[in-house]
Amino acid sequence: MASSLIMAVAGVLVAALLAWVPALHIYNVVGFVVLAAPALEGIVPSDGLAMVFLGMVTGYAVLNTIPSVFFSAPDDSTIFIVLPAQKFLLQKRGYEAAVLSGIGGLGGIVVLALLTPVASSIFPALRAILRPHLPWILWAIIAYVLLSEWPNGPDRARAGWSRWWEGWRNLAAGLAAFLLSGMLGFILLYRSLVPVTVAYQNLLPAFVGLFAMPWTVQNLLSRLELPEQHIARTLDATPGVIVRGMVAGALGGLFAAFFPVVTGGIGGMLAGHATAQRDDRLFLISQGASKVVYYVGALLLFFVPRFHLTRGGMAWILSGLWSAHSPRTYYVAVAAVILSGALSFFLLLLMARVATKLIDRVNYRSISLITLVVLLLIVAGTTGWGGLLICAVATGIGLIPVLWGSRRINSMGVLLLPIALNMSGVGGEVARWLGLL
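One structure accompanies this document, and this report is about it. Please read these numbers as outputs of a predicted model, since none were measured by experiment.

The subject of this paragraph is the overall build of the protein chain. Scanning the protein chain for helices and strands turns up 19 helices and 0 strands. Relative to its full complement of 437 residues, the protein chain shows a buried share of 56%. Per element, the accessible surface of the protein chain, about 18700 Å² overall, is 68% carbon and sulfur.

Roughly 880 Å³ of volume is contained in the second largest pocket. Together, 25 residues line the second largest pocket, and Phe80, Leu83, His273, Phe283 and Arg407 are the ones closest to its centre. Among the elements of the structure, helix H6 (82-90), helix H13 (264-274) and helix H14 (280-300) are those that each provide at least two residues to the lining of the second largest pocket. Class assignment for the residues of the lining of the second largest pocket results in 10 nonpolar, 8 polar and 7 charged.

Membership of the largest hydrophobic core comes to 130 residues, with the highest contact counts inside it found for Phe70 and Ile266. Per-element tally for this core: the top contributor is helix H16 (residues 327-361), with 13 residues. Among residues more than four places away in sequence, those in contact with Phe70 are Leu89, Gly94, Tyr95, Ala98, Ala352, Ala355, Thr356, Ile359 and Tyr364.

Next up on the list: the side chain of Gln86. Its location among the elements puts Gln86 in helix H6. Ignoring sequence-local partners within four residues, the contact set of Gln86 consists of Ser72, Trp215, Asn219, Leu224 and Tyr364.

This part is about the pattern of salt bridges. Summed over the entire model, instances satisfying the criterion amount to 5 salt bridges. One salt bridge in this structure joins Arg93 and Asp236, with 4.0 Å as the shortest N-O distance. Of this pair, Arg93 sits in the loop between H6 and helix H7 (94-114) while Asp236 sits in the loop between helix H11 (204-222) and helix H12 (239-258); the two residues are 143 residues apart in sequence, bridging distant segments of the chain. On the basis of relative accessible area, Asp236 is assigned to the partly exposed category, the value being 44%. Between Arg432 and Glu429 there is a salt bridge; the shortest N-O distance is 2.8 Å. Taken together, the residues Arg432 and Glu429, both in helix H19 (residues 427-433) and 3 residues apart, mark about one turn of the helix.

Another aspect to go through is H6. For H6, the complete set of buried residues consists of Val82, Pro84, Ala85, Gln86, Phe88 and Leu89. Contacts made by the buried residues of H6 are with helix H5 (65-70), H7, H11, H14, H16 and helix H17 (364-404). Lys92, located one to two residues past H6, shows a positive phi value of around 65°.

Glancing now at the packing of aromatic side chains. The final tally for this structure, using the stated rule, is 6 aromatic pairs. Between Phe186 and Tyr190, the aromatic rings sit 6.1 Å apart at their centres with planes inclined by 10°, giving stacked as the arrangement. Of the two residues, Phe186 and Tyr190 are both situated in helix H10 (residues 161-190); the distance of 4 residues between them amounts to about one turn of the helix. Judged by relative accessible area, Tyr190 falls into the partly exposed class, the value being 25%.

On to helix H1 (residues 2-18). Look at H1: 25 Å from first C-alpha to last across 17 residues, which is about the 24 Å you get at 1.5 Å a residue. For H1, the complete set of buried residues consists of Ser4, Ala8, Gly11, Val12, Ala15, Ala16 and Leu18. Take H1 and look down its axis: the buried residues cluster within an arc of 160°, on one side only. Opposite its buried face, H1 presents the exposed residues Ala2, Ser3, Ile6 and Leu17, each directed more than 90 degrees away.

Scanning the model with the defined rule gives 2 cavities of 30 Å³ or more in all. Taken as a whole, the largest cavity spans an internal volume of roughly 110 Å³. Around the largest cavity, the lining comprises 13 residues; the ones closest to its centre are Leu112, Phe123, Gly297, Leu300 and Leu301. For the lining of the largest cavity, the secondary structure elements donating two or more residues are helix H8 (116-130), H12 and H14.

Right, let's get into the environment of Ala271. Along the chain, Ala271 turns up in helix H13. A relative accessible area of 9% places Ala271 in the buried class. Here the alpha-carbon distance between Ala271 and Ala250, two residues 21 residues apart in the chain, equals 8.5 Å. Those residues in contact with Ala271, other than ones at most four positions away along the chain, are Ala248 and Gly252.

Another aspect to go through is the packing of H7 against H14. To characterise two packed helices, one gives the angle between the axes of the helices and the distance between these axes. Between H7 and H14, the least distance of the axes is 7 Å, while the angle of their chain directions is 40°. By the angle class used here, H7 and H14 are oblique. In the packing of H7 onto H14, the handedness of the crossing is right-handed. Across the interface between the two elements, Ala97, Leu100, Ser101, Gly104, Gly105, Gly108, Ile109 and Leu112 of H7 pack against Arg281, Leu284, Ile285, Gly288, Ala289, Lys291, Val292, Val293, Val296, Gly297 and Leu300 of H14. Residues belonging to the contact of H7 with H14 are distributed by class as follows: 11 nonpolar, 6 polar and 2 charged.

Conventions adopted
- Residues numbered from 1 in each chain as written.
- Predicted model: local features only at pLDDT ≥ 70, side-chain atom pairs only at ≥ 80, totals over all residues.
- Heavy atoms only, no water.
- Helix = DSSP H or I, 4+ residues; strand = E, 2+ residues; numbered from the N terminus.
- Buried < 20%, exposed > 50% of the residue type's maximum accessible area, 1.4 Å probe, protein only.
- Areas by Shrake-Rupley, 256 points an atom, 1.4 Å probe, with all protein chains shown as cover.
- 1 Å grid on protein atoms, 1.4 Å probe; cavity = no way out; pocket = protein on both sides within 12 Å on 5 of 7 lines; lining within 4 Å.
- Points joined across faces, edges and corners; volume = space filled by probe spheres on them.
- Nonpolar A, V, L, I, M, F, W, Y, C, P; charged D, E, K, R; others polar.
- Core = buried A, V, L, I, M, F, W, Y, C linked by side-chain atoms within 4.5 Å.
- Contact = heavy atoms within 4.5 Å.
- Salt bridge = Lys/Arg side-chain N within 4 Å of Asp/Glu carboxyl O.
- Phe/Tyr/Trp six-rings, centres within 6.5 Å; stacked < 30°, edge-to-face > 60°.
- Expected span 1.5 Å × (residues − 1).
- Arc of directions from axis to C-beta.
- Axes fitted to C-alpha atoms, helices over the stretch in contact; angles between N-to-C directions.
- Parallel < 35°, antiparallel > 145°, perpendicular 65-115°, else oblique.
- Left-handed = near helix turned anticlockwise from the far one by under 90°.

Dropping the structure here:
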């Protein structure tokens, strides 16, 4: 057990280094590790590699807050964090925003640990009940995401078509972003420009373009200047707010971990609406809990005895290398998650201080420009010119919500629409209609 925990700690330290790279998803890095797995077989046993992956996922789930809060470079699970985080940055409270998200992550770890005794009996039965209903549940989620967005115009237009357009402007932009990103998802699924040799990086350029690039471009064009940040010794959050945020985020994260395609950001949004969240502090805590439960919980489901659900990219990758065999393996995995989560939180405190000092000393536009260059280098280095072209198209789609004031989560159509149509049995027909087959 001690060797397994050491491997998990090593995974956390790797994640801490990778967390400084904007929009670099842990799954993309693990893809390279899998390619090197045959060469590592005599050095790191397969069960040890599984614990390294578990530590990496746990560390990433907690520490990916850093680029989202301080560099405005989110991934699909942290897209909701950026807007409240920028409010905190403008109020000199960027460090506090990161810590609130980290506290939510700790709450997510606690929830996963508390579920340990009942996981092997509840989840298999729940899966058997819900499996036949997954397609319509996914369509219901899509409908809610689209229909729950409200007009946000200034309400000053004259009566008639001008008034109508003012109400529908951001709603139409959201629908356009969803449909266009969904079409991009179909192209990536059936006719991707990413080379076959790096097919496991297929979604990287799309995610970078849809979620990370628009914020960076917006920061460059807006000439945003941040005030000097304050590192607070206490948090402006009562125990009630913290517990409420943790519970809401854990509910959203569990939902996202169990259902295919639903990410931690979407799960957190649904839970936030269900619990009537209207506080940025509570929202940051719930999003921190949601993404940790989403990433780590999805991988832990693979370790549950008599269940072994492969939900999420890391579980699919790990299933090709190793398989859990006993309840003892599951309990060791839970212990590794608890240790990794605690270590990740303290690393977050340190890294948030470093990031705070960085944005105090370096012009924020310069940081945004460096982030932009790093993003382009990541896309070009992993997927080549084809990936850059995909990223350019995705950036254009991702800018629609930014420029027209709609939800950024509508760009998740890149995953939701193709998968929902395929689960309904009509994805192939739609692909033929689009000329992709």
